[in-house]
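Descriptive structure summary
The lines below spell out each chain.
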Amino acid sequence: MVQGEALPVNTTADGERKTLILTGASRGIGHATVKRFSTAGWRVITCSRQPFSEDCPWDAGPEDHIVVDLASSEDTHKAIAQMKEKLKAQGSRLHALVNNAAISPKKPGGARLNTLETSEEDWKTVFQINFFAPVMLARGLMDELVAAKGAVVNVTSIAGSRVHPFAGAAYSTSKAALAALTREMAGDFGPFGVRVNAISPGEIETSILSPGTEKLVAQIPQRRLGQPEEVAKAIYFLCTDQSSYVTGAELHINGGQHV
């Protein structure tokens, strides 16, 4: 390499291939994020409740996929051990952790569940997946993140800051808590060289959109739904040196819907 030449963003100064661990990788924003990082040459370790799909195009997918039920604390700890083993096997550090997995239970027909209607069991499950799992993963992989001076990105939501017509009460409050957790983690992880940020998507065009979402378009200044690829690009920015002095931030990706 010529002196002064810029390094590819997918490798470190010593030529190590960068590694991402991503939860909720099987569809929507997660699927787009895998494609964005894979295209840039990153190794991507994916995690979801579903086994790896043979239809997925990225290299090493089956070998670098972990089936995990984040609703189970025990299963999450087992997955963390698997992640550590996969990193160690290839001599990799962890350059980025993206906590994207989340659930939002609905009533029959897809209607939102409010605070009066959400069962105690649903409250606990939603918070385990949407809130507790991210901090469990970040803490469990702390050594690997510190070794790489890596980055954590938590996926929150526009529903975390306002009552949303479709997102349920448990989902919305878990995302608000995750935004607060991001700030706390940024303060705690920062002295170790690890940055922690959040992205807060608005109405993104995926296969799991709630019926009636199209009616919200008129309230969005850009007058359109967002695309998963647009969210993935923002996640990528927060995981690279282009955002090296950004931590504790929540980046809104919603076409101006929050203004």
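These numbers come from a predicted model, not from an experiment.

What follows covers the nonpolar core. The tendency in soluble globular proteins is for nonpolar side chains to be buried side by side. Counting residues in each nonpolar core, the largest one holds 34 residues, and the members touching the most others are Ile21, Met83 and Leu97. Elements supplying a minimum of two residues to this core: strand 2 (43-48), helix 2 (73-89), helix 3 (120-140), helix 4 (142-148) and helix 5 (169-189). Here the element with the most residues in this core is helix 3; it accounts for 8 residues. For Leu97, the contacting residues outside a window of four places in its chain are Leu20, Ile21, Leu137, Ala138, Leu141, Leu145, Ala151, Val152 and Val153. Within the second largest apolar cluster, 22 residues are counted, among which are Leu22, Ile29, Ile204 and Val231.

For any two helices packed against each other, the geometry is given by the interaxial angle and the distance between the axes. The interhelical angle for the contact between helix 3 and helix 5, taken along N-to-C directions, is 15 degrees, at an axis separation of 9 Å. When the axes of helix 3 and helix 5 are compared, the pair comes out roughly parallel. You can see that helix 3 and helix 5 cross each other, and the crossing is right-handed. Contact residues: Trp123, Val126, Phe127, Asn130, Phe131, Pro134, Val135, Ala138 and Arg139 in helix 3; Ala169, Ala170, Tyr171, Thr173, Ser174, Lys175, Ala177, Leu178, Leu181, Met185 and Phe189 in helix 5. Split into classes, the residues belonging to the contact of helix 3 with helix 5 amount to 15 nonpolar, 3 polar and 2 charged.

Scanning all chains against the criterion turns up 6 aromatic pairs. A ring pair is formed by Phe37 and Trp42, whose centres lie 4.9 Å apart and whose planes are at 90 degrees; its orientation type is edge-to-face. In this pair, the class of Phe37 matches that of Trp42, namely buried. Ring centres of Phe131 and Phe132 lie 5.1 Å apart, and the angle between their planes is 75 degrees; on these two criteria the pair is classed as edge-to-face. On the accessibility criterion, Phe131 (17% relative accessible area) is buried. Among the aromatic residues, ring-to-ring pairing joins Trp123, Phe127, Phe131 and Phe132 into one connected group. Stacked on the ring of Tyr236, the Lys or Arg Arg36 has its end atom at 4.0 Å from the ring centre.

How each quantity is defined
Residues numbered from 1 in each chain as written. Predicted model: local features only at pLDDT ≥ 70, side-chain atom pairs only at ≥ 80, totals over all residues. Heavy atoms only, no water. Core = buried A, V, L, I, M, F, W, Y, C linked by side-chain atoms within 4.5 Å. Buried < 20%, exposed > 50% of the residue type's maximum accessible area, 1.4 Å probe, protein only. Helix = DSSP H or I, 4+ residues; strand = E, 2+ residues; numbered from the N terminus. Contact = heavy atoms within 4.5 Å. Axes fitted to C-alpha atoms, helices over the stretch in contact; angles between N-to-C directions. Parallel < 35°, antiparallel > 145°, perpendicular 65-115°, else oblique. Left-handed = near helix turned anticlockwise from the far one by under 90°. Nonpolar A, V, L, I, M, F, W, Y, C, P; charged D, E, K, R; others polar. Phe/Tyr/Trp six-rings, centres within 6.5 Å; stacked < 30°, edge-to-face > 60°. Lys NZ or Arg CZ within 6 Å of the ring centre and 35° of its normal.

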